[in-house]
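Coordinates in review
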Amino acid sequence: MKQTLLLTGLSFLFFISCKSDDTPECRRCSSELTTSFDLCKENNGNASVNGEDTGVSYAIYLEGLINEGVSCN
């Protein structure tokens, strides 16, 4: 009985610790030509802008924004 309880507790902790991995990494971006927007790295590695998946790799999208003079914090 104790082993079952321990295993259940450990499984719960593992589930909780992995759940935070689902949160996308986001930055606030802006430029003189655009209003501020949220740029996020989704779990699939793509960039999303204001919640819309761009279909482009986050690193490539961010690099393109920086090259165009957009600043992201």
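Data block above holds the structure.
Residues numbered from 1 in each chain as written. Predicted model: local features only at pLDDT ≥ 70, side-chain atom pairs only at ≥ 80, totals over all residues. Heavy atoms only, no water.

The helix and strand tally for the protein chain stands at two helices and five strands. Reading the helices (α) and strands (β) of the protein chain from amino to carboxyl end gives α-β-β-β-β-α-β. Out of the 73 residues in the protein chain, the part that is buried amounts to 18%. Counting contacts in the protein chain only where the partners sit at least 6 residues apart, residues at least 24 apart contribute 24% of the total. Carbon together with sulfur atoms contributes 58% to the accessible area of the protein chain, which is approximately 5700 Å² in total. (Helix = DSSP H or I, 4+ residues; strand = E, 2+ residues; numbered from the N terminus. Buried < 20%, exposed > 50% of the residue type's maximum accessible area, 1.4 Å probe, protein only. Contact = heavy atoms within 4.5 Å. Areas by Shrake-Rupley, 256 points an atom, 1.4 Å probe, with all protein chains shown as cover.)

The next subject is the environment of Val70. For Val70, the position within the fold is in the loop between helix 2 (58–67) and strand 5 (71–72). Of the residues examined, Val70 reaches a relative accessible area of 12% and is grouped as buried. Distance from Val70 to Ser36, taken between C-alpha atoms, is 9.8 Å for residues 34 residues apart in sequence.

What the five strands build is an open sheet, ordered 4-3-2-1-5; its pairing is antiparallel. Of all strands in the sheet, those with a lone pairing partner are strand 4 (52–57) and strand 5, marking the two edges. Judged from the two bridges that link them, strand 1 (residues 25–30) and strand 5 form a sheet pairing that is antiparallel. Looking at the pairing, Cys29 lines up with Cys72 of strand 5. (Pairing = 2+ DSSP bridges.)

Linking two cysteines covalently via their sulfur atoms produces the bond known as a disulfide. One pass over the full model with this rule turns up two disulfides. The disulfide bridge from Cys26 ends at Cys40, spanning 2.0 Å between sulfur atoms. For the disulfide bridge between Cys26 and Cys40, the dihedral angle about the S-S bond is near 105°, and by the sign convention the bridge is right-handed. Taken together, the residues span a long stretch of sequence, with Cys26 in strand 1 and Cys40 in strand 2 (residues 37–41) at a distance of 14 residues. (Disulfide = S-S within 2.5 Å.)

Here we take up the nonpolar core. Counting residues in hydrophobic clusters, the biggest one holds 10 residues: Cys29, Phe37, Leu39, Ala47, Val49, Tyr58, Leu62, Leu65, Val70 and Cys72. For this core, the secondary-structure elements that each account for two or more residues are strand 2, strand 3 (46–49) and helix 2. The element that contributes the greatest number of residues to this core is helix 2, accounting for three residues. (Core = buried A, V, L, I, M, F, W, Y, C linked by side-chain atoms within 4.5 Å.)

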